[in-house]
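Analysis of the macromolecular model
Take a look at the letters that make up each chain.
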Amino acid sequence: MAWKTLDAMDFAGKTALVRVDINVPVENGAVSDFTRIDAILPTVREIAAKGAKVVLLAHFDRPKGKVVPEMSLRQVLPALSQRLGQPVAFAEDCIGLPAKEAVLALQPGEVLLLENTRFHAGEEKNDPMMAASLAALGDIFVNDAFSAAHRAHASTEGIAKLLPACAGRLMEAELKALDAALGNPQRPVVAVVGGAKVSTKLDLLGNLVGKVDALVIGGGMANTFLAAQGKPVGKSLCEHDLAPTALAILDKAAETGCRIVLPVDLVVAREFRAHAPHEIVTECPDDAMILDAGPASIAEIGTLFEGARTLIWNGPLGAFELEPFDTATNAAARKAAELTRAGTLVSVAGGGDTVAALNRAGAAADFSYISTAGGAFLEWMEGKTLPGVAALEE
Ligand code: ADP
Ligand code: MG
């Protein structure tokens, strides 16, 4: 699949409508984390430098189609101007007269932020009228909000069909990284899927066993697989009712030739708390719970990574918030980081807890790509078409 990028567009003298994700955390009226703002700056600066008026479309929080003053994007304005290093104008509404007048008042190279798109019910309904009202404000649509691309909204999907559309630099980087990991990867490809529950990641597991060469299953969801194979899991987190589903996934893996790697040894404890007394076992005692994978499992995962060319990772291998049950997650993360640094592995990871775990392990910076897109990343790993991305396809 191919997407147009900023390179394909002539911005001089045009008005560019740029969909961004600046749904940032705000504490006591001030933005407390600039990550998402900083991530869009290259796109904004490039379009401004090419002589276009830059008009930013964004949502904030979940006002559900009504004007909720506490969810105004105005509160993001000071941080946005400060990080960008130039003033940013603001319009009280993302469509209609306030938006039109603000765009008219803008000079090429200047930046305007429009009020929360989700103040209108038409946004989340992908109402064609809403999309048309947005499109009427400019000449070119640029989508730089991969994290909102799994939703077909007026400002992500509807508008892309009405104007010449392309991906911004952040979206482009995300698409390239994801394509390198699962679209057109160098083999062997290893996937790691961990986390709490199988039930939240069924589609993910189903898609991956058809695409990757080996699948490491870890964390709480590994317990469901072990139980399905008739192994004792004691008091572990386990979805016993999903045993047939787990077995079906194992069957599919056998058919497609995907090697499944489950823990061969386990770290068990009697309490779910940090530093709870623990032991390494191959079978979970009745009164214990599995909180991490053991050293033999860690070694097996390390060897697997060494032979791989591509790694895609979602979900920690244990209860990583509780020391020392972060051991397997940390060891695997550091191994992946080391191999990526050495140039033998392309490593891509995403997911809220996964990103936190990789940061804790000090491994995130060495990964080839860390997706902060949350739901959009997961849907992409599930093999789903993201409407906001599909609308940009050439
Ligand atoms: P992500 O947010 O990266 O998609 P998940 O939300 O699926 O990841 O899973 C993360 C959670 O899984 C963490 O809170 C972690 O403590 C939990 N978890 C992992 N292994 C176990 C386990 N063996 N027992 C209980 N919880 C676990
Ligand atoms: Mg999570």
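Refer to the structure printed above.
Residues numbered from 1 in each chain as written. Chains lettered and ligands numbered in written order. Predicted model: local features only at pLDDT ≥ 70, side-chain atom pairs only at ≥ 80, totals over all residues. Heavy atoms only, no water.

**Comments concerning the overall build of the chain**
Scanning the chain for helices and strands turns up 15 helices and 17 strands. For 394 residues, the compact-globule formula gives about 21 Å, and the C-alpha radius of gyration of the chain, at 23 Å, lands near that figure. Across its three principal axes, the chain shows a C-alpha extent of roughly 70 × 40 × 40 Å. Counting all 394 residues of the chain, 55% fall into the buried class. Counting only carbon and sulfur atoms, one obtains 53% of the accessible surface of the chain, whose full area is about 16100 Å². (Helix = DSSP H or I, 4+ residues; strand = E, 2+ residues; numbered from the N terminus. Rg over C-alpha atoms; globule rule 2.2 N^0.38 Å. Buried < 20%, exposed > 50% of the residue type's maximum accessible area, 1.4 Å probe, protein only. Areas by Shrake-Rupley, 256 points an atom, 1.4 Å probe, with all protein chains shown as cover.)

**Points about the packing of aromatic side chains**
Ring pairs (aromatic) are described by centroid distance and by the angle formed between their planes. Tallied over the full model, the rule gives three aromatic pairs. Where Trp313 meets Phe367, the ring centres are 6.3 Å apart and the plane angle is 55°; that geometry is what we call tilted. Of this pair, Trp313 sits in strand 15 (residues 310-314) while Phe367 sits in the loop between helix 13 (352-360) and strand 17 (369-371); the two residues are 54 residues apart in sequence, bridging distant segments of the chain. Taking the relative accessible area as the measure of exposure, Trp313 reaches 1% and is therefore buried. Among the aromatic residues, ring-to-ring pairing joins Phe305, Trp313 and Phe367 into one connected group. (Phe/Tyr/Trp six-rings, centres within 6.5 Å; stacked < 30°, edge-to-face > 60°.)

**Re the packing of helix 1 (residues 35-49) against helix 2 (residues 77-84)**
One can describe the packing of helix 1 onto helix 2 by two numbers: an axis separation of 10 Å at closest approach and a directional angle of 60°. Considering the angle they form, helix 1 stands oblique to helix 2. The two elements helix 1 and helix 2 cross, and the hand of that crossing is right-handed. Mapping the contact onto sequence places Ile37, Asp38, Ile40, Leu41, Val44 and Arg45 in helix 1 and Ala79, Leu80, Arg83 and Leu84 in helix 2. Here the contact of helix 1 with helix 2 is composed, by residue class, of seven nonpolar, no polar and three charged. (Axes fitted to C-alpha atoms, helices over the stretch in contact; angles between N-to-C directions. Parallel < 35°, antiparallel > 145°, perpendicular 65-115°, else oblique. Left-handed = near helix turned anticlockwise from the far one by under 90°. Contact = heavy atoms within 4.5 Å. Nonpolar A, V, L, I, M, F, W, Y, C, P; charged D, E, K, R; others polar.)

**A closer look at the site of ligand 1**
Near ligand 1 lie 19 residues; those nearest to it are Lys201, Ile290, Glu321, Asp353 and Thr354. Here a nitrogen atom of ligand 1 sits 3.0 Å away from a polar atom, N or O, in the main chain of Ile290. In the complex, 84% of the free accessible area of ligand 1, which totals 570 Å², lies under the protein chains. If you list the elements that add at least two residues to the shell around ligand 1, you get helix 9 (219-228), strand 14 (289-293) and helix 13. The element best represented in the shell around ligand 1 is helix 13, accounting for three residues. The class makeup of the residues in the shell around ligand 1 is eight nonpolar, eight polar and three charged. (Near = heavy atom within 4 Å. Polar contact = N/O pair within 3.5 Å; in protein donor to acceptor, adjacent residues only side chain to side chain.)

**Details of the pattern of salt bridges**
By the definition in use, this model includes 20 salt bridges. A salt bridge links Arg270 to Glu279; its shortest N-O distance comes to 2.4 Å. On the basis of relative accessibility, which here comes to 35%, the residue Glu279 falls in the partly exposed class. Residues Arg270 and Asp287 are paired through a salt bridge, measuring 3.1 Å at the closest nitrogen-oxygen approach. Residue Arg270 is found in the loop between strand 12 (266-269) and strand 13 (278-281), and its partner Asp287 is found in the loop between strand 13 and strand 14; the two are separated by 17 residues along the sequence. By relative accessible area, which is 40% here, Arg270 ends up partly exposed. (Salt bridge = Lys/Arg side-chain N within 4 Å of Asp/Glu carboxyl O.)

Interpretation note: all reported values are geometric properties and have no functional meaning in isolation.
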